[in-house]
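Examining the three-dimensional arrangement
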Amino acid sequence: CVFLPPPTVTSPCKILKCNSEFWAATSGSHHLGTEEAPEFCTALRAYAHCTRRTARTCRGDLAYHSAVHGIDDLMVQHNCSKDGPTSQPRLRTLPPGDSQERSDSPEICHYEKSFHKHSAAPNYTHCGLFGDPHLRTFTDTFQTCKVQGAWPLIDNNYLNVQVTNTPVLPGSTATATSKLTIIFKSFQECVDQKVYQAEMDELPAAFADGSKNGGDKHGANSLKITEKVSGQHIEIQAKYIGTTIVVRQVGRYLTFAVRMPEEVVNAVEDRDSQGLYLCLRGCPLNQQIDFQTIRSAQATEGRARRKGPSLPAPPEAFTYETATAKCREKLPVEDLYFQSCVFDLLTTGDVNFMLAAYYAFEDVKMLHSNKDKLHLYERTRDLAPGNTAPPGTPPTLWVALLCLSQCWLCLL
């Protein structure tokens, strides 16, 4: 199913507050004796009560649904009654030797080490989302999509990733990623279930519960968050599934990139339920934007601005010439990343979208296992997924069409 987007960019859902309160109340509780189990159950009931209070505003939030299921599981595991006191127990501090300081992990929690025992090296794939938004799927299909609201990027046996895209300007068809939720599911003795959530102007260097690794299990450090640039760039290493995730905030919006083994990508119990898994299936046809659609929208907005103030002007007006010159500063090869940069500057007027395209390509260089496929040139609405432009077709064909459209606009 597709989760409904929040009514505003800043979500009224307070599930992160509930998570933080429970974490603060129970940190170190795995060291408690059995006589203190009632205190843990009290914290669980308080947690459940907090989630119920915010249920109405959290209907479409993956972190909320994750918390609800997690509470039910913990209630059963600890033999807790749903009826009883809900006052918060005293705050605890992490004792020495807590799992967040452990460096030892069982071999099963290192994907590559266990993989090499019985087969050849794994084949890695890449998916990325950036800009207006532009999607590169695990099969190297490149699309520009509408996908306003909340959409699942990844959904398999090990993790879920959901993005929320919101309009860049009021009245504009341009959208960008304003919220990202990643759920790492509990896995054997390696990691507990962990939720990572980022929003506009909030790129945490920790999971929603305040931890920076996989929790209390023996292989906790097979899942770790590293802050590369404060408030701008984080990297999540999930070694137990051989996966690397890069999340950036560029300007006001988020970008996402992942490197994942094919075996993990395809690890699903019900393949029919993956119809809206964007990184694997791509955007639905009715959500894809082709060249003509984008040019038509730009032409309509351009005429509207000339006739009156019905649509707001972007913060900086780029012409085709200035947009291509600006994009060429960071993206000298006129591939689809360059073309996306030009599109976004013409549509939004925000130079940060040029940086988003640049960093998206930098992430491809770091994460893609096939260095011959870094640059893409095909228009994927016209060609089958995975096909490249036919020999003799210059990558500047798109540019020529764009020039013709610009000239036509001048005559209107």
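Every chain is numbered on its own, with residues counted from 1 as its sequence reads. Only residues with pLDDT of at least 70 get local features here, since the model is predicted, and only at 80 or more are side-chain atom pairs given and counted; chain-wide, interface and lining totals rely on the full set of residues. For side-chain calculations, the full set of non-hydrogen atoms in the structure is used, while hydrogens and water are omitted.

- Identification of the protein as Repulsive guidance molecule A from Eudyptes chrysocome is taken from an unreviewed UniProt entry.
- UniProt positions are given in the numbering used here, feature names are shortened, and annotations may be inferred rather than shown by experiment. Taken from UniProt, the Sequence similarities (unreviewed entry) comment for the protein reads in full: "Belongs to the repulsive guidance molecule (RGM) family."

**Some thoughts on the side chain of His134**
- Numbering of helices and strands starts at the N terminus; helices are DSSP runs of H or I of at least 4 residues and strands are runs of E of at least 2. In this structure, His134 sits in strand S2 (residues 134-136).
- Each polar contact in these results corresponds to two N or O atoms within 3.5 Å; when the atoms are within protein, one needs to be able to donate a hydrogen and the other to accept it, and residues that are neighboring in sequence are counted only if both atoms are side-chain atoms. A distance of 2.8 Å separates the side chain of His134 from the side chain of Thr144, its partner in a polar contact.
- When checking whether two residues touch, look at their non-hydrogen atoms; a contact exists if any pair is within 4.5 Å. In contact with His134, other than residues within four places in its own chain, are Gly128, Leu129, Phe142, Gln143, Thr144, Ser340 and Asp344.

**Digging into unusual backbone geometry**
- The omega angle of the peptide bond from Asp132 to Pro133 is -25°, so this bond is cis rather than trans.
- Along the chain, the position of Pro133 falls in the loop between strand S1 (124-130) and S2.
- Phi is positive for Val147, close to 35°, though the residue is something other than glycine.
- In this structure, Val147 sits in the loop between strand S3 (142-144) and strand S4 (149-155).

**Remarks on the packing of helix H9 (residues 336-348) against helix H10 (residues 352-367)**
- Two numbers describe how H9 lies on H10: the axes approach to 8 Å, and their chain directions differ by 160°. Between H9 and H10, the angle falls in the class roughly antiparallel. Regarding H9 and H10, the two cross each other, and that crossing is right-handed. Touching Tyr337, Cys341, Asp344, Leu345 and Thr348 of H9 are Phe353, Met354, Ala357, Ala360, Phe361 and Val364, all from H10.
- Under the scheme applied, nonpolar residues are Ala, Val, Leu, Ile, Met, Phe, Trp, Tyr, Cys and Pro; charged residues are Asp, Glu, Lys and Arg; polar residues are all the others, including Gly. A per-class count over the contact of H9 with H10 returns nine nonpolar, one polar and one charged. Axis definition: a line fitted to C-alpha atoms, limited for helices to the stretch in contact. Angles are taken between N-to-C directions and run from 0 to 180 degrees. Throughout, the term roughly parallel applies to angles under 35 degrees, roughly antiparallel to angles over 145, roughly perpendicular to angles from 65 to 115, and oblique to all others. Left-handed describes a crossing whose near helix is turned anticlockwise from the far helix through less than a right angle; right-handed describes the clockwise counterpart.

**Overview of the sheet that holds S2**
- When DSSP finds two or more bridges between a pair of strands, those strands are recorded as paired. What the seven strands build is an open sheet, ordered S3-S2-S1-S11-S10-S9-S8; its pairing is antiparallel. Strands at the two margins of the open sheet, each flanked by one partner only, are S3 and strand S8 (223-229). For this sheet, the mean angle separating the axes of adjacent strands, direction not counted, is 10°.
- H10 contacts S1, S2, strand S9 (233-238), strand S10 (243-250) and strand S11 (253-261) of the sheet and is inclined by roughly 165° relative to S10.

**Here we look at the pairing of strand S5 (residues 159-167)**
- Per-residue accessibility, obtained with a 1.4 Å probe over protein chains only, is compared with the maximum for each type, and a residue is labelled buried under 20%, exposed over 50%, and partly exposed between these values. For S5, the tally of buried residues reaches eight of nine residues, placing the bulk of the element in the interior.
- Examined bridge by bridge, S4 and S5 share six bridges and lie antiparallel to one another. For Ile154, the partnering residue across the bridge sits in S5 and is Val161.
- The antiparallel pairing of S4 with S5 creates a hairpin that spans three residues between the two strands.
- For S5 and strand S6 (residues 175-184), the ladder comprises nine bridges, and the chain directions are antiparallel. Bridged to Asn165 within S6 is Thr177.

**A short note on the state of the cysteines**
- Our working definition of a disulfide is a cysteine sulfur pair at a distance within 2.5 Å. What the rule picks out here adds up to six disulfides.
- Shown here is the disulfide that connects Cys18 with Cys50, its sulfur atoms set 2.0 Å apart. Negative torsions about the S-S bond denote left-handed disulfides, and the value of about -80° found for Cys18 with Cys50 makes this one left-handed. Taken together, the residues Cys18 in helix H1 (residues 15-26) and Cys50 in helix H2 (residues 37-53) connect sequence positions 32 residues apart.
- A residue is classified by how much of its surface remains accessible, and Cys18, at 2% relative accessible area, is buried.
- Residue classification places Cys50 among the buried positions, given a relative accessible area of 7%.

**Section: the environment of Asp83**
- Relative to the helices and strands, Asp83 is located in the loop between helix H3 (62-77) and helix H4 (111-115).
- Overall, the relative accessible area of 68% leaves Asp83 in the exposed class.
- Considered as a pair, Asp83 and Thr42 are 41 residues apart in the sequence and their alpha carbons are 9.4 Å apart.

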